[in-house]
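Report on the structure
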Amino acid sequence: MSTDRLIDGSRLDGVSATTLWTLRNRAIEALRPDSLIDDPWAVRIYEAIEYDYDRFGPPSQSHALRARAFDKATKRYLAKYPDATVVQLGAGLQTAYWRLGRPDVDWLTVDLAPITDLRATLLPDEPRMTAMTISALDRGWLDRVDPTRGVLICAEGLFMYFQRSEVMSLIADCSQRFPGGQLIFDSIPPAFSERTLQGVSYTDHYSLPPMPFGLTVSEAVRLPRTIQSVIRARDVMMPPGRGVWRYRSMRMYANLPWMRNQRPSITLLTFAKKTPSG
């Protein structure tokens, strides 16, 4: 990392700018005395980027809780496969590698040039971390991963910006290429996806980018029926937060039949250890 002055965050726009939104929320959460997440690198890079963060509205604990859910899945996978590779698709300004204590594993980040350039400027070089400047939909990144030692693919805040056919095709290709691997991703409900295509003003100064891909919890857990090499799909609940979200009853409420398919979700997929043709 090498920067002596504030970085202009306005160079990011569209979907790329959403990484500043999630960064701000994690950093503000980490700065709280009752913080739900320990994320010192998020704080450092948040303070190093000059940007009108207020356009995103009041800070929310949601992105910190989502990050914790992804961190927990990563820890569990690495406990079982300590030599595995972790792949962060649409890495943005995520800082999971450092939150997890710089795990001694190969770590691949995949994102477009404006983001990878920012990461190179603001985050430290790590001998086990490699950055690829390509779209997550470009299958070139699959060739950079050793499939024999285990693979965990994290797509945090990403798939909703793709088309449904693109997401399903990518999941199928990953399941074929990485036997025994896992993929964790988050989704928005289809009804909200449709609203974003018409335009949603999140605040007076910020409109959400279109999000073509939505997935209900019920659709997500049925993915093993439609993608041959996916053998398990689990709905991952957010960890407890502050306020009403610290109560177990709210988590039960989120799983009521009429609510279950109307909420955002996190899905953990497990791939077959051998492909059907293997």
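So, here is what we can say about the structure in this document. Please read these numbers as outputs of a predicted model, since none were measured by experiment.

1. Some points on the overall build of the protein chain
- A count of helical and extended segments in the protein chain gives eleven helices and eleven strands.
- Relative to the 2.2 N^0.38 estimate, which gives 19 Å for 278 residues, the radius of gyration of the protein chain is 18 Å and therefore close to what a compact globule would have.
- Projected onto the principal axes, the alpha-carbon positions of the protein chain cover approximately 55 × 45 × 35 Å.
- Put simply, the protein chain has 278 residues, and 52% of those count as buried.
- Of the contacts made within the protein chain by residues no fewer than 6 positions apart, 74% connect residues no fewer than 24 positions apart.
- Carbon and sulfur atoms provide 51% of the accessible area of the protein chain, an area that totals close to 13,400 Å².
- Of the side-chain charges in the protein chain, 35 are positive and 30 negative, and the distance between the mean point of each set is 10 Å.

2. Regarding the pairing of strand S11 (residues 265-271)
- Of all seven residues that make up S11, seven are buried, and the element is covered over most of its length.
- Because side chains alternate across S11, one face comprises the buried residues Ser265, Thr267, Leu269 and Phe271, and the other comprises Ile266, Leu268 and Thr270, equally buried.
- The pairing of strand S7 (residues 182-187) with S11 spans six bridges and is antiparallel. Counted as the bridge partner of leucine 183 is leucine 269 from S11.
- When strand S10 (residues 230-236) meets S11, the two strands line up antiparallel, connected through six bridges. Bridged to valine 230 within S11 is phenylalanine 271.

3. Brief notes about the packing of helix H1 (residues 18-31) against helix H3 (residues 62-80)
- At a minimum axis distance of 7 Å, the contact between H1 and H3 shows a crossing angle of 90°. In terms of orientation, H1 lies roughly perpendicular with respect to H3. Contacts from Trp21, Thr22, Asn25, Arg26 and Glu29 in H1 reach His63, Ala64, Arg66 and Ala67 in H3.
- In the contact of H1 with H3, the residues fall into three nonpolar, three polar and three charged.

4. Description of the nonpolar core
- Counting 49 residues, the largest nonpolar core has Leu20, Leu23, Ile49, Tyr53 and Trp107 as the members making the most contacts within it.
- Of all elements in the fold, only H1, helix H2 (40-48), H3, helix H4 (96-99), helix H5 (113-122), strand S6 (151-155) and S11 reach the threshold of two or more residues within this core.
- Of the residues forming this core, the biggest block, six residues, is contributed by H2.
- Listed in part, the 32 residues of the second largest apolar core include Val87, Val167, Ala220 and Ile227.

5. Here's the deal with the packing of H1 against H2
- In the contact formed by H1 and H2, the axes pass within 8 Å of each other and the chain directions differ by 120°. Taken together, the axes of H1 and H2 are oblique relative to one another. As for the relative orientation of H1 and H2, their crossing is left-handed in sense. Residues Leu23, Arg24, Arg26, Ala27, Ile28, Ala30 and Leu31 of H1 form the contact with H2, whose own contacting residues are Ala42, Val43, Ile45 and Tyr46.
- Of the residues in the contact of H1 with H2, the class split is nine nonpolar, no polar and two charged.

6. Notes on the pattern of salt bridges
- Overall, the coordinates contain 18 salt bridges when judged by the stated rule.
- Its salt-bridge partner being arginine 26, residue aspartate 39 comes within 2.9 Å of it at the nearest N-O pair. You can see aspartate 39 sitting in the loop between H1 and H2 and its partner arginine 26 sitting in helix H1, a full 13 residues away along the chain.
- Under the relative-accessibility criterion, aspartate 39 is labelled buried at 1%.
- A relative accessible area of 4% means that arginine 26 is categorised as buried.
- We note a salt bridge from arginine 242 to glutamate 29, for which the minimum N-O separation is 2.6 Å. In this pair, arginine 242 sits in the loop between S10 and helix H10 (248-254) while glutamate 29 sits in helix H1, placing the two residues 213 residues apart along the sequence.
- It is possible to trace a salt-bridge network through shared partners that takes in Asp104, Asp106, Arg128, Asp146 and Arg149.

Cut-offs and rules
- Residues numbered from 1 in each chain as written.
- Predicted model: local features only at pLDDT ≥ 70, side-chain atom pairs only at ≥ 80, totals over all residues.
- Heavy atoms only, no water.
- Helix = DSSP H or I, 4+ residues; strand = E, 2+ residues; numbered from the N terminus.
- Rg over C-alpha atoms; globule rule 2.2 N^0.38 Å.
- Buried < 20%, exposed > 50% of the residue type's maximum accessible area, 1.4 Å probe, protein only.
- Contact = heavy atoms within 4.5 Å.
- Areas by Shrake-Rupley, 256 points an atom, 1.4 Å probe, with all protein chains shown as cover.
- Lys, Arg positive; Asp, Glu negative; His and termini not counted.
- Charge placed at Lys NZ, Arg CZ, Asp CG, Glu CD.
- Pairing = 2+ DSSP bridges.
- Axes fitted to C-alpha atoms, helices over the stretch in contact; angles between N-to-C directions.
- Parallel < 35°, antiparallel > 145°, perpendicular 65-115°, else oblique.
- Nonpolar A, V, L, I, M, F, W, Y, C, P; charged D, E, K, R; others polar.
- Core = buried A, V, L, I, M, F, W, Y, C linked by side-chain atoms within 4.5 Å.
- Left-handed = near helix turned anticlockwise from the far one by under 90°.
- Salt bridge = Lys/Arg side-chain N within 4 Å of Asp/Glu carboxyl O.

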